[in-house]
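What follows is the residue order along each chain.
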Amino acid sequence: MNQVRTIGDILVATGRLSQDDAARIVERQRADKVQFGDAALALKVLTKDDIDFALSKQFDYAYLSDQDDTVSHELVAAYKPFSRVGENLRAVRSQLMLRWFNTDPAHKVIAIVSPGSGEGRSFIAANLAIVFAQQGERTLLIDADLRAKPARAQNALFKLGKSAGLSGILANRAGLEVAQLVPGLPGLAVLPAGATPPNPQELLGRSAFGDLLRIASQQFDVIIIDTPAGTEFADAEVTAARAGAALLVARKNKSLVPQANQLARRLQDSGVALVGSVLNDA
C-alpha cells in the first residue's frame, strides 16, 4: 500500500521548502492546532501558490508552475487553475458534462465555434481541453482550423514540434499516432492542424474525418475540436456537423449579435446540437 505523502514531504522533495523550515511549521502547527498550510502562511515560510502546488500533487491534479515554459502562458488552466478564469472554465466544463458528455455514451465530440476571428475560440478550446484532462478524462484536442496562422494555431499554444497533423491524416499520409502528448498534463493529447492545405473545406468534408473521430472515440473520453471563424468559412459548419455538437463562443464588445445568431441558426438547421454559449470577456 502506497504511503500518502504530506504537504511538507512534497514541498521538501521539490525544493520549495527546507527541512529546517518544515520542522518550524510542524512545531507551529502543533502549538496553534491548525493545518500545516495555515501554519506555514502564518510563518510566511510558504506562499498560497506553494500550498496549492502541494495539494495538487496529493490529489493528482496536474498543473504547471510559473517557471515552467512547457506550453504558452496563455493556457491559464495549465498555470493558474485556481484563478477566476480557471474557475469559469471549470464551470463551463460542468455544464458540458451535464448537457452533452454525460447524456449518451456516444457523445464524446464537440466543436468550439464562433462567428468571427479574434474572439477567443482557440483559447477556449485549448483551456477546456486542459480542464477536462485535469478531471481525469482522456482528452484529445484537434485543431481543425486549417487556415490559422502558425503563430495562433494550437501548435504554437502547446509548443509542439512539427507533425503531419490533421491535414496529413485527411490526406491519408498519417494516422492518429501523430497526435502529441502534452508534458506535465497527463491525459491530454493534441492533434495539430499540420501543413496548410489548398483545400481545407474539401479535406474536412472527406469521410476520413468521420473515420478519424470514430477511431479517436475509442481511445479518448472527450474530443474537443477547434475551428476557423464561422462567418468567414463553411469549415466550422462542416466540422460541427461531424462532431454532432457545438459550443458557441462570442467576445464582449467584439462579436456582432446578428452574426452569432445567424451562425447558431445555420448549425441547428444542419442538425448540430448547440450545447451552449460562452461570453469571452477577456
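Going by the structure above, here's the rest.
Residues numbered from 1 in each chain as written. Predicted model: local features only at pLDDT ≥ 70, side-chain atom pairs only at ≥ 80, totals over all residues. Heavy atoms only, no water.

Focus: the packing of helix H6 (residues 84–101) against helix H7 (residues 121–134)
Logical step 1: Across the interface, H6 lies against H7 with an axial gap of 9 Å and an inter-helix angle of 80 degrees. As judged from the angle between their axes, H6 and H7 are roughly perpendicular. Residues Val85, Leu89, Arg90, Val92, Arg93, Leu96, Met97 and Phe101 of H6 form the contact with H7, whose own contacting residues are Phe123, Asn127, Leu128, Val131 and Phe132.
Logical step 2: In terms of residue class, the contact of H6 with H7 is built from 10 nonpolar, one polar and two charged. (Axes fitted to C-alpha atoms, helices over the stretch in contact; angles between N-to-C directions. Helix = DSSP H or I, 4+ residues; strand = E, 2+ residues; numbered from the N terminus. Parallel < 35°, antiparallel > 145°, perpendicular 65-115°, else oblique. Contact = heavy atoms within 4.5 Å. Nonpolar A, V, L, I, M, F, W, Y, C, P; charged D, E, K, R; others polar.)

With respect to the nonpolar core
Logical step 1: Leu96, Ile110, Ile112, Leu128, Phe158, Ile224 and Leu247 are the most contacted members of the largest nonpolar core, which has 38 residues in total.
Logical step 2: The residues contacting Leu247, other than those within four sequence positions of it, are Val92, Leu96, Ile110, Ala111, Ile112, Val113, Ile124, Leu128, Gly276, Ser277 and Val278.
Logical step 3: One finds Val109, Leu140, Leu176 and Leu263 within the second-largest nonpolar core, a separate group that totals 36 residues. (Core = buried A, V, L, I, M, F, W, Y, C linked by side-chain atoms within 4.5 Å. Buried < 20%, exposed > 50% of the residue type's maximum accessible area, 1.4 Å probe, protein only.)

Some points on the sheet that holds strand E6 (residues 245–251)
Logical step 1: Across the sheet, which stays open at both edges, the seven strands sit in the order E3-E4-E2-E5-E1-E6-E7 with mixed pairing between neighbours. Lying at the two open borders of the sheet, with one neighbouring strand each, are strand E3 (180–181) and strand E7 (273–280).
Logical step 2: Where strand E1 (residues 109–113) and E6 come together, three bridges link them in parallel fashion. In the sheet register, Val113 faces E6, and the bridge partner there is Leu248.
Logical step 3: Lying over the sheet, H7 contacts E1, strand E2 (139–143), strand E4 (188–191), strand E5 (222–226), E6 and E7, oriented at roughly 165 degrees with respect to E5. (Pairing = 2+ DSSP bridges.)

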